[in-house]
Number of protein chains: 2
Amino acid sequence: MFHFSSRSLYALRALYELALCEQGPPMKIAFIAQRQKIPTRFLEGILAQLKRGGIVESRRGVEGGYHLARRSQYLTIGEVLRFLEGPVDFTNSQKKGKKDSISGPTDPFNGLWQKLEKTVETAIDEMTFRDLIEFNERTGQYIPNYII
Amino acid sequence: MFHFSSRSLYALRALYELALCEQGPPMKIAFIAQRQKIPTRFLEGILAQLKRGGIVESRRGVEGGYHLARRSQYLTIGEVLRFLEGPVDFTNSQKKGKKDSISGPTDPFNGLWQKLEKTVETAIDEMTFRDLIEFNERTGQYIPNYII
DNA sequence: ACAATCCCGACTGGAATGATAGGAAAGCAT
DNA sequence: ATGCTTTCCTATCATTCCAGTCGGGATTGT
């Protein structure tokens, strides 16, 4: 229940990688893909999408690559997830057709869904990539191991 | 993001309907389907599944129908959702193949996922169908309109 | 010119989803 | 027993989504 798509999970990890080296030169797709074990061509498409969403920027050519469009303390997990997966919504409203969803205003579960939505949104919106890096540095759960 | 399947939403609403009349005679599929605007044959399958999960019981024949297997104050939303949609899990572990999921123990997002999982689980596990009925009676958001 | 790198759109195989259909089995009345 | 009602089981189907691949085009620095 509640699974994210691989696409979103890959995107978050790629952005984390970019955040780790945000003051360095642009980072190449192939490099990110190798470090995070993401299929290269798949990651290409994901990063292109993130670029269209204004989350990353890129340069082409021999010294090209990707970098964050903003600094990591201003980029939240929630913003990325919302961009990739649409708004938080536990009911079944379809993405395209704005027709009536299964649950309407008289749905007895509306209160519960709204409470859940708010809880989750708060959690993912107050967590920035910088927070994540700091947290993992402190707990040592994730070792960057960068030799540059 | 986080949509439930129609199946689960239908199931919850059907159970809500059963809970509203839990002291009455068994309720027929066709009746529930009509009240909650659920395709009848689809609801058949859903209720059969809920029966196999020990959530409802049934009787066949002319006075047959469904009723809750337990009283509504002992049936939580969480139990139903977990039965239909599997355990709460924000990472991408596949249901069948227990192979390695995309995120491992060194995933920098593990802490966030675990926090979210716990929050959501708590919310859906402490809400029973009786709670729902009482809440909706108080706020008047949902009018049963039963004429029996 | 050339090589590195990002960029774009099409495509595919598999799985999940949202149903629908035929008929079997069970319960009850007569 | 017969027949009616209702649940129960299995199969099928169309559509959509998902993960991943592919070929080739556009940019950039040297």
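Look up: the structure comes first, before these words.
First, a word on what this report is: a plain description of the structure on this page. (Residues numbered from 1 in each chain as written. Chains lettered and ligands numbered in written order. Predicted model: local features only at pLDDT ≥ 70, side-chain atom pairs only at ≥ 80, totals over all residues. Heavy atoms only, no water.)

1. Description of the environment of B:Glu134
- In this fold, B:Glu134 is placed in helix α6 (residues 129–139).
- It is 17 Å that separates the C-alpha atoms of B:Glu134 and B:Ala123, two residues lying 11 residues apart in sequence. (Helix = DSSP H or I, 4+ residues; strand = E, 2+ residues; numbered from the N terminus.)

2. A word on the protein's contact with DNA strand D
- With respect to spatial proximity, 23 residues lie near DNA strand D, and among them A:Ser6, A:Arg41, B:Lys51, B:Ser58 and B:Tyr66 are the closest.
- Within 4 Å of the protein, the contacting atoms of DNA strand D are drawn from sugar and phosphate to the extent of 67%.
- Interatomic distance of 2.8 Å between a backbone N/O atom of B:Ile29 and a phosphate oxygen of DNA strand D.
- Here B:Lys51 contributes a side-chain N or O atom positioned 2.6 Å from a phosphate oxygen of DNA strand D.
- Listed by contribution, the elements that provide at least two residues to the surface near DNA strand D are α1 (6–20) and α3 (40–52) of chain A together with α3 (40–52), β1 (56–59) and β2 (65–68) of chain B. (Near = heavy atom within 4 Å. Polar contact = N/O pair within 3.5 Å; in protein donor to acceptor, adjacent residues only side chain to side chain.)

3. Let's talk about the pairing of strand β1 (residues 56–59) of chain A
Residues and elements named next belong to chain A.
- Pairing of β1 with strand β2 (residues 65–68), which is carried by four bridges, proceeds in the antiparallel orientation. Counterpart to Glu57 in the pairing with β2 is His67.
- What sits between the antiparallel neighbours β1 and β2 is a turn of five residues, in which Gly61 has the positive phi angle 90°. (Pairing = 2+ DSSP bridges.)

4. Let's talk about helix α5 (residues 110–125) of chain A
- Relative to the 22 Å expected for 16 residues at 1.5 Å per residue, α5(A) spans 22 Å between its end C-alpha atoms, a close match to the ideal helical length.
- Every buried residue of α5(A) is listed here: A:Asn110, A:Leu112, A:Trp113, A:Leu116, A:Glu117, A:Val120, A:Ala123 and A:Ile124. Looking down the long axis of α5(A), one finds its buried residues gathered within 160° of arc, a one-sided arrangement. Exposed and facing more than 90 degrees away from the buried side of α5(A) are A:Gln114 and A:Lys118.
- Contacts made by the buried residues of α5(A) are with α4 (77–85) of chain A together with α1 (6–20), α4 (77–85) and α5 (110–125) of chain B. (Expected span 1.5 Å × (residues − 1). Buried < 20%, exposed > 50% of the residue type's maximum accessible area, 1.4 Å probe, protein only. Arc of directions from axis to C-beta. Contact = heavy atoms within 4.5 Å.)

5. Some thoughts on the pattern of salt bridges
All names here are of chain A.
- Taken as a whole and judged by the stated rule, the model has 16 salt bridges over all chains.
- Salt-bridge contacts for Arg82 lead to Asp125; the nearest nitrogen and oxygen are separated by 2.7 Å. Within this pair, whereas Arg82 is found in helix α4, its partner Asp125 is found in helix α5, the two being separated by 43 residues in sequence.
- For Asp125, a relative accessible area of 31% translates into the label partly exposed.
- Salt bridges sharing common partners tie together Glu22, Arg130 and Glu134. (Salt bridge = Lys/Arg side-chain N within 4 Å of Asp/Glu carboxyl O.)

6. Considering the protein's contact with DNA strand C
- In the vicinity of DNA strand C, 25 residues are found, and the nearest of them are A:Lys28, A:Ser58, A:Tyr66, B:Arg41 and B:Arg59.
- A share of 70% is what sugar and phosphate atoms reach among the atoms of DNA strand C within 4 Å of the protein.
- A:Ser58 is positioned such that a nitrogen or oxygen atom in its side chain is 2.5 Å from a phosphate oxygen of DNA strand C.
- A distance of 3.0 Å separates a phosphate oxygen of DNA strand C from a polar side-chain atom of B:Ser6.

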